[in-house]
Amino acid sequence: MTIAAPALPAIKTRQPSMFGDFCRQQPLGAVSFVVIFAMMFAGIFSPLVAPYDPLEIDFASLLGAPSWEHWCGTDAFGRDICSRLIYGSRTALVIGFTSSFAGSSIGAILGIASAHFGGKIDDWIQRFVDILLAFPLIVLALVVVAAFRKFTIGGVDVNLIVAIAIPIIPRVARVVRAAALSVRVMPYIDAARAAGYSPTRIIFRHIAPNVVAPYLIMLTAFIAQAILAEASLSFLGLGVTEPTAAWGLMLSGNAADFYRQAPWMILFPGIAISLAVFAFNLFGDSLRDYLDPRFKV
Amino acid sequence: MLRYTINRVLLMIPTLLGVAVLVFFLLRVVPGDIVEIKLRGDGGSVTQETIDMERKRLGLDRPLYAQFGTWMVGMATLDFGNSMWTERPVVTEIAGRLELSLQVAIMATLIAVLLAIPMGTMAALFRDSWIDYTVRILTIGGLSIPSFWFGMLIMLTLLAFFNWLPPITFTPIYVDPIANLTQLIWPALAVGYRYCAVTARMIRSSLLEVLSEDYIRTARAKGVSEKLVISRHALRNALLPAITVIGLEFTFLIGGLVVTEQVFNLNGIGQLFVQSISRNDFTLIQGMVMLIAAFYVLVNLGIDLLYAVFDPRIRYNA
């Protein structure tokens, strides 16, 4: 005789969704996420979203004021500013994200290596980090721009990405090193070592996952910095070049000659930059509060 | 204390040496130099011979280690070489523009510190009130709004309401203080906003941290007036991290000046730097980078010594 086990009532265990949790705890973070999402949407689907071709020159409507046809007006070549802003979000996101990702990742690897190996390697990496830290982000980026000159692959300014990524490396390396150092003395690392795990396994399976929070926080915070840096470099004429649509570029050169006739040429791109940087800053802040309230950038 | 100071001063040398090596070789990784921009920049055809001659004249044909050696020996005697573009000494080029930039930087610091201390303190004392929220929004704005765009907005406003355009030439303060101040207050404000935001955030968070310390509770418990608790016990301890930020951000003002001087058409260090970058003027770039790095290292030294004075534990452990 077998006793049938009573059928367990199906319990629907609701997995607490991290996303929902984040939105509830950090309403400002959720708002910033909406802005970032809108920007990403505009960047990815620019051809569908933009009302005009961003490069289309229209001599019939030079310096046109904002109107129903041109929401943000037109520039000195009669190009639709709104469309250029939408395409500009693509430039900003691609350069902002890639350079922040590259810089933060290399920085994180250096930071973990520095903390894990200690001794001579740590000394050398820290010296290197100290040297790079002696410069404001934009100044170091400018020097790298001077060093690498213009260099594009598939229309993306690789020299710009490298120039912005390099100053990010030491800043992330220092923070991740500190985080990794505090993880290294944890009992579970001793346990892993006692169990005979290889250093590689310890680094990737035990240390790395525990410094993911600072890494993610720095990554988002530096997307904001990278977008700002790209805008500044393009503004100075050393970044993205015409006719590509980029926010900083839209503010440079002749935009300033039209303060009187066409203030919209200055207003809208600046709003776009500020809003994007604001959203990523706020998102980074909220992410920090959510993931690791003790952590300070 | 003396040993600590000497130790810290000696530590500056490897950093500066590293900066020199880094910038020197970084600029020369990719082929191409000032000669091509100088001679071929305007599209004219120039023979290879002329280019080689100019290169030789500027010493760019010599092996890298020899060029580096000459530069290092020169620097040891405070000779930074000549600009490859204007052929004038790097020191002269920089000195002529330092006054303007330094004045803007000092004015920006004054604006930033004078606004940041009350802002940060009020935000911390009235945490989660409307004051706190206003300060937080203003400061995040300061971190997000590019200083050059903020400068453009200031210009736009001045133009619309006062029909004022920035003057083309710079008037030193000892010639005409009023003309000088009306010219430089705006760029100072443009770069100072970010500076103020960073400092105010730092003051807020460090004050919040200090306010939760035991000694604050003790002070309150023994009946010290709230005003004294804040000014004597809390603010004094919270200001030390703020001083670090103020010092470091001061050296980083050059980053803001690089773009803001462009907006206000000021012929300062920032504009010189951008010019030398776009011309590949190696010697001038090197000179300016060394100046920025030296400045940063010195300010850092100052901060470290200040900490050592305030906190004896640091000087004993070193």
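Residues numbered from 1 in each chain as written. Chains lettered and ligands numbered in written order. Predicted model: local features only at pLDDT ≥ 70, side-chain atom pairs only at ≥ 80, totals over all residues.

This brings us to the overall build of chain A. Check the secondary structure of chain A and you find 12 helices and 2 strands. What you see in chain A, going N to C, is helices and strands ordered as α-α-α-α-α-α-β-β-α-α-α-α-α-α. In terms of overall dimensions, chain A is more spread out than a globule: its C-alpha atoms have a radius of gyration of 24 Å, far above the 19 Å expected for 297 residues. Out of the 297 residues in chain A, the part that is buried amounts to 46%. (Helix = DSSP H or I, 4+ residues; strand = E, 2+ residues; numbered from the N terminus. Rg over C-alpha atoms; globule rule 2.2 N^0.38 Å. Buried ≥ 20, exposed ≤ 12 C-beta atoms within 10 Å, placed from the backbone.)

Counting secondary structure elements, chain B contains 13 helices and 0 strands. Listed N to C, the secondary structure of chain B is α-α-α-α-α-α-α-α-α-α-α-α-α in terms of helices and strands. Reported as C-alpha extents along the three principal axes, the dimensions of chain B are approximately 85 × 60 × 35 Å. Across the 318 residues that make up chain B, the buried fraction comes to 36%.

Side chains of nonpolar character tend, in soluble globular proteins, to be buried together. Counting 159 residues, the largest nonpolar core has Ala141(A), Leu142(A), Val143(A), Ile164(A) and Ile227(A) as its most contacted members. Of the residues forming this core, the biggest block, 16 residues, is contributed by helix 8 (residues 177-211) of chain B. With residues up to four places along the chain from it excluded, the contact list for Ala141(A) reads Ala163(A), Ile164(A), Pro167(A), Ala229(A) and Leu233(A). (Core = buried A, V, L, I, M, F, W, Y, C linked by C-beta atoms within 7 Å. Contact = placed C-beta atoms within 7 Å.)

With 39 residues of chain B at the contact, the number on the chain A side is 36 residues. Looking at the side of chain B that touches chain A, the elements that each hand over two or more residues are helix 1 (2-27), helix 6 (130-144), helix 7 (147-162), helix 10 (226-263), helix 11 (269-279) and helix 12 (282-310) of chain B. In terms of residues, the side of chain B that touches chain A owes the most to one element, helix 1 of chain B, which gives 8 residues. The residue inventory of the side of chain B that touches chain A, partitioned by class, reads 31 nonpolar, 8 polar and no charged. (Nonpolar A, V, L, I, M, F, W, Y, C, P; charged D, E, K, R; others polar.)

Attention now moves to the environment of Met218(A). Take Met218(A): it is sitting in helix 10 (residues 212-235). Along the backbone, Met218(A) and Leu287(A) are 69 residues apart, and their C-alpha atoms lie at a distance of 9.8 Å.

Once that is clear, we can look at the confidence of the model for chain B. Here chain B averages 84 in pLDDT, and 97% of its residues register 70 or above. What the predictor reports for the complex is a pTM of 0.86 with an ipTM of 0.84. (pLDDT = per-residue confidence, 0-100.)

Turning to the environment of Met40(A), a few remarks are in order. The topology assignment puts Met40(A) in helix 2 (residues 27-44). Sequence separation between Met40(A) and Ile95(A) is 55 residues, and the spatial gap between their C-alpha atoms is 13 Å.

Moving on to the packing of helix 6 (residues 137-148) of chain A against helix 10 of chain A. Helix-helix packing is described using two parameters, namely the angle between the two axes and the distance between the axes. All names here are of chain A. Running from amino to carboxyl end, helix 6 crosses helix 10 at an angle of 55°, the nearest separation of the two axes being 10 Å. Accordingly, the angle class assigned to the pair helix 6 and helix 10 is oblique. Seen from above, helix 6 lies across helix 10 with right-handed handedness. Residues Leu-137, Ile-138, Ala-141 and Val-145 of helix 6 form the contact with helix 10, whose own contacting residues are Gln-225, Ala-229, Ser-232 and Leu-233. (Axes fitted to C-alpha atoms, helices over the stretch in contact; angles between N-to-C directions. Parallel < 35°, antiparallel > 145°, perpendicular 65-115°, else oblique. Left-handed = near helix turned anticlockwise from the far one by under 90°.)

The next thing to look at is the environment of Gly96(A). Residue and element names in this part refer to chain A. Within the secondary structure layout, Gly-96 lies in helix 4 (residues 81-117). For the pair formed by Gly-96 and Thr-220, sequence separation is 124 residues and the distance between their alpha carbons is 9.7 Å. Residue contacts for Gly-96: discarding those within four places in its chain leaves Ile-223, Ala-226, Ile-227 and Glu-230.

With 91% of its residues at a pLDDT of 70 or more, chain A has an overall mean of 83. Per-element mean pLDDT across chain A ranges from 74 in strand 1 (residues 152-153) of chain A up to 91 in helix 4 of chain A.

In this section: helix 4 (residues 64-76) of chain B. Over its 13 residues, helix 4 of chain B extends 18 Å from the first C-alpha to the last, a length consistent with the 18 Å expected when each residue adds 1.5 Å. Looking one or two residues past helix 4 of chain B, Leu78(B) carries a phi angle of roughly 60°, positive in sign. (Expected span 1.5 Å × (residues − 1).)

A few words on helix 8 of chain B. Look at helix 8 of chain B: only 43 Å from first C-alpha to last across 35 residues, short of the 51 Å you get at 1.5 Å a residue. Where helix 8 of chain B bends most, at Gly192(B), the angle is about 35°. (Bend = angle between axes of the 7 residues up to and from the residue.)

Moving on, we get to unusual backbone geometry. Residues and elements named next belong to chain B. Its identity as a non-glycine residue notwithstanding, Asp-128 has a phi of 65°, on the positive side. The residue Asn-280 is not glycine, and still its phi comes out positive at about 55°. Position of Asn-280 among the secondary structure elements: in the loop between helix 11 and helix 12.

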